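# Secondary and tertiary structure notes
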Amino acid sequence: MNIKQLQYFYELAQHRHFAKAAKACFITQPTLSASITALEKSLGTELVVRNSQFVSLTQAGEVVLRHAERMLLEQDSMRQELSLFGGQLSGALRIGIVPQSSVDIMPLFKRFNDAFPNVMLRLSVMTHAALLAQLDLHQLDIGLGFDELLTDHQRRSLALHFSHPNAMAVLGTGPQTGEPLRLADLQPLPLILPSKTMQFRHHFDEAVARQQLSLRVVLETDSLFHLVNAVRHGLGTAVVSAGIAATAHQLFRVPCQPLTDVTAGTTAFITRKHSVTPAMKAFLGLLKE
């Protein structure tokens, strides 16, 4: 068994397809298949269920995948630490964020890039549940998610940094444009809302239910691009995080107003307590500034 075989196996587990995994590894499919077979022989057990194509991982394969993820992370962490001997941190930093957050992450990315230009940033937008799962599986380094939704087990294994209230705002033309609004003010408006799969939407729906309001929703979407574009085309008024509203106003001059009687919980940067890479430490150090 060697680290290259584990890398190929990890890519196969991610893509669930031999040809796609081979392409991601920049090798041919027969080379990938031969490497997986050699790994299975060295471990004395089958790792992959396959016929003419990938079917699934075996139970043993799932065990190997968990260890492979950690071993590959440690290899990446080692390379990052060694890069410091050359005077400049290098490597990659994988960050996941929930779609609706009041934290504008791009200025942070710019500051980080200015300080560490040889570290590539990989940004993924995902649900809060997926974010926590990928942190646990070492598929993400840092997440920006909701801090009140962690289980006791997750709080033991994960660390929270810099919690921030997630305020809501109205994006688009509403009553008394520019003035703060309350939920009840939204009742006569055609509304554009984030998808019900998003935690932000759960907070909004719970507040509406508590106040026993009746709202008219004309569009639901999990795409921020389409949500903002729908507002720009006059389809309706959107409810978004204060951060999204501020960015949309700055970029497209779309009117925005704060919602004063509802919040979308609290967001925080989340990391594992262990297996912290130099790039992760550098990013958290930048946040402290």
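Coordinates for the structure precede this section.
Residues numbered from 1 in each chain as written. Predicted model: local features only at pLDDT ≥ 70, side-chain atom pairs only at ≥ 80, totals over all residues. Heavy atoms only, no water.

This part is about the sheet that holds strand 5 (residues 142–146). In space, the eight strands of this open sheet follow the order 4-3-5-10-6-9-7-8, with mixed pairing throughout. At either margin of the open sheet sits one strand with a lone partner, and together these are strand 4 (119–125) and strand 8 (216–221). Between one strand axis and the next, the sheet turns by 25° as a mean value, whatever way the strands run. Pairing geometry for strand 6 (residues 158–171) and strand 9 (residues 237–241), over four bridges, is antiparallel. From the neighbouring strand, Met168 faces strand 9, where its bridge partner is Ser241. (Pairing = 2+ DSSP bridges. Helix = DSSP H or I, 4+ residues; strand = E, 2+ residues; numbered from the N terminus. Axes fitted to C-alpha atoms, helices over the stretch in contact; angles between N-to-C directions.)

Turning to empty space enclosed by the protein, a few remarks are in order. In total, this model carries one cavity of 30 Å³ or more according to the counting rule given. Considered as a void within the structure, the largest cavity measures approximately 60 Å³ in volume. Every residue along the wall of the largest cavity is listed here: Val98, Pro99, Gln100, Thr127, His128, Phe146, Thr197, Met198, Gln199 and Phe200. Taken together, the residues that form the lining of the largest cavity break down as five nonpolar, five polar and no charged. (1 Å grid on protein atoms, 1.4 Å probe; cavity = no way out; pocket = protein on both sides within 12 Å on 5 of 7 lines; lining within 4 Å. Points joined across faces, edges and corners; volume = space filled by probe spheres on them. Nonpolar A, V, L, I, M, F, W, Y, C, P; charged D, E, K, R; others polar.)

Our focus in this paragraph is the pairing of strand 10 (residues 256–272). As defined by bridge partners, strand 5 adjoins strand 10 across five bridges and the pair is classed as antiparallel. Note on strand 10: the bridge partner recorded for Gly145 is Ala268. In this sheet, strand 10 lies alongside strand 6 in antiparallel orientation, the contact comprising ten bridges. The residue bridging Ala167 from the neighbouring strand is Thr263, located in strand 10.

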